[in-house]
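Summary of structural features
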Amino acid sequence: MTATSKGFADRLRTPEVTHARISGVGGYRPRRVVPNAELVERINSSDEWIRERSGIIERRWAGEGESVVDMSELAARQALQMAGVEAAELDVVIVATVSWPYQTPAAAPMVAERLGTKGAAFDISAACAGYCHGIALASDMVRGGDASNVLVVGVERLSDFTDKDDRGTAFIFADGAGAAVVSRSATPGIGPTVWGSDGAQWDVIAQKDSWIEVHEKDLGWPTIGMAGQTVFRWAVWGMAPVAQKALDAAGITADQLDAFIPHQANVRIIDAMAKQLHMPADIPIARDIAYTGNTSSASIPLAMERMVRHGEVPSGGLALQIGFGAGLSYAAQVVVIP
Ligand SMILES: CC(C)(COP(=O)(O)OP(=O)(O)OC[C@H]1O[C@@H](n2cnc3c(N)ncnc32)[C@H](O)[C@@H]1OP(=O)(O)O)[C@@H](O)C(=O)NCCC(=O)NCCS
């Protein structure tokens, strides 16, 4: 070892192990409630069909001019308050989204500016798995010593990218923001992440046309298409084993959980996963989708925020969270509930 590299190694040696935990969560649901009745005519459907096939009763759509950044700020402020962390103490802001309408720059620097931090800020694009990817990155940054507090926001304004005449998606997608602060901790608070992708199925949930095609063919505005049954089967059969691996990696079994918080894609997917995982009947399962719809990257933090606010889950308890969707991408981990 050279003198230089020895100095480098000494400098980087950390004296104690740092852990990471979620210190606060927050959520923002737009004011505008959209019941199934408002959508059914254009897709020749019914309130009963939508409830039975998806579990969705109503969803929220953002108001005019209510942007991804506006929603992120409101959710983030709640998370910071719960964490007892000042915005200026945030070293990193990560925004997970697929519906920020600028190719560049990212939404995160503007969210950071609104909150009052000049910390590092960038977006990640992993669709419905985006929030769990963000938690994984935040956890590793804190444990690695690059940050003491990281804000992770999952936010979508999917109503902009939804074809209101598409029977397969018009009733599913919705708007909202969820946020978590990940902080240094004396004890472990975020388990190992089990994650991956299947690019062979890149096209089963996707923006129907690229921005170039939209421009060249004068298509107006791109919307998201989905091969519903393919996604359904992948989620039910493919994701329960991933959730089980996250439990195994955390060294626990399903009966030791205090909450199961899967991505809110469809209530039938949630129920099928719980069954495959042999989830004990008394463990609370997030079903925020009924009143919030599928908000993609926002769905897990929004569901956790609701469960915490309603006192359905104990602070300090263990929650299994799993995000999955376009990519196809997925990520799961066990976390300590703030
Ligand atoms: C979208 C979804 C609810 C559709 O349900 P499905 O049972 O697969 O529906 P299918 O497309 O097979 O159609 C079944 C029947 O319902 C009808 N149907 C489809 N969409 C309908 C709608 N919106 N309203 C009423 N009927 C509808 C079809 O015409 C078909 O009728 P038929 O049997 O007479 O031919 C379901 O595929 C799903 O939830 N997929 C996963 C979606 C998801 O979670 N995406 C997010 C992942 S991140």
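Bear in mind that the values here come from a model prediction, so they are computed numbers and not experimental data. (Residues numbered from 1 in each chain as written. Predicted model: local features only at pLDDT ≥ 70, side-chain atom pairs only at ≥ 80, totals over all residues. Heavy atoms only, no water.)

Looking at the overall build of the chain
Across its full length, the chain holds 10 helices and 13 strands. The C-alpha atoms of the chain give a radius of gyration of 20 Å, which matches the 20 Å a tight globule of 338 residues would have. Each principal axis of the C-alpha atoms in the chain carries an extent, and together these give about 70 × 50 × 40 Å. Here the chain holds 338 residues, and the buried ones make up 54% of them. Taking all contacts inside the chain whose residues are at least 6 apart in sequence as the whole, residues at least 24 apart take part in 76%. Averaging the locations of the 29 positively and 39 negatively charged side chains of the chain gives two centres separated by 2 Å. (Helix = DSSP H or I, 4+ residues; strand = E, 2+ residues; numbered from the N terminus. Rg over C-alpha atoms; globule rule 2.2 N^0.38 Å. Buried < 20%, exposed > 50% of the residue type's maximum accessible area, 1.4 Å probe, protein only. Contact = heavy atoms within 4.5 Å. Lys, Arg positive; Asp, Glu negative; His and termini not counted. Charge placed at Lys NZ, Arg CZ, Asp CG, Glu CD.)

Topic: the domain arrangement of the chain
According to the domain assignment, the chain contains domain 1 (17-185) and domain 2 (194-336). Relative to domain 2, the C-alpha centre of domain 1 lies at a distance of 14 Å. If you look at the interface, domain 1 gives 50 residues, while domain 2 gives 44 residues. Summed over both sides, the interface between domain 1 and domain 2 buries roughly 3700 Å², with carbon and sulfur atoms accounting for 63% of that surface. When the area that domain 1 buries against domain 2 is broken down by residue, the three leading residues are Arg 29, Cys 128 and Phe 161, summing to 20%. For the pair domain 1 and domain 2, the number of links is four salt bridges. On inspection of domain 1 and its partner domain 2, the count reaches 19 residue pairs in polar contact (both at pLDDT 80 or more). Elements that contribute at least two residues to the side of domain 1 that touches domain 2 include exactly strand 1 (19-28), helix 2 (47-54), strand 3 (58-61), helix 3 (68-83), helix 5 (130-144), strand 6 (149-157) and strand 7 (175-185). A total of six residues in the side of domain 1 that touches domain 2 trace back to one element, the largest contributor, which is helix 5. Across the side of domain 1 that touches domain 2, the residue classes break down as 25 nonpolar, 14 polar and 11 charged. (Domains from an automatic or database assignment. Buried area = accessible area lost by both parts, 1.4 Å probe. Salt bridge = Lys/Arg side-chain N within 4 Å of Asp/Glu carboxyl O. Polar contact = N/O pair within 3.5 Å; in protein donor to acceptor, adjacent residues only side chain to side chain. Nonpolar A, V, L, I, M, F, W, Y, C, P; charged D, E, K, R; others polar.)

Quick look at the site of the ligand
Contacts to the ligand come from 21 residues, most closely from Ser 45, Arg 53, Arg 167, Gln 229 and Asn 266. In the environment of the ligand, an oxygen atom lies 3.4 Å from a nitrogen or oxygen atom belonging to the backbone of Ala 265. Calculation on the ligand without its partners gives an accessible area of 950 Å², and the protein chains cover 70% of this total. The biggest single contributor to the shell around the ligand is helix 7 (residues 228-250), with four residues. Taken together, the residues that form the shell around the ligand break down as 11 nonpolar, eight polar and two charged. Summarising the domain contributions, the shell around the ligand has at least three residues from each of domain 1 (17-185) and domain 2 (194-336). (Near = heavy atom within 4 Å. Areas by Shrake-Rupley, 256 points an atom, 1.4 Å probe, with all protein chains shown as cover.)

Digging into the pairing of strand 4 (residues 92-96)
Strand 4 sits mainly inside the fold: five of its five residues count as buried. Taking every second residue as pointing to the same face, both faces of strand 4 are buried, with Val 92, Ile 94 and Ala 96 on one and Val 93 and Val 95 on the other. The parallel pair strand 4 and strand 5 (residues 120-124), bridged by helix 4 (residues 108-115), forms a crossover whose chirality is right-handed. Across five bridges, strand 4 lies against strand 6 in parallel orientation. Counterpart to Ala 96 in the pairing with strand 6 is Gly 154. (Right-handed = clockwise from strand over helix to strand, strands pointing away. Pairing = 2+ DSSP bridges.)

Examining the pattern of salt bridges
Applying the stated criterion to the full structure yields 16 salt bridges. The salt bridge involving Arg 309 is made with Glu 305; its shortest N-O contact spans 2.6 Å. A residue pair is termed a helical-turn pair when its members lie 3 or 4 positions apart in one helix, as Arg 309 and Glu 305 do in helix 10 (residues 299-309) at four residues. With a relative accessible area of 49%, Arg 309 lands in the partly exposed category. Three or more residues are tied together by salt bridges with common partners; here these are Arg 29, Asp 288, Glu 305, Arg 306 and Arg 309.

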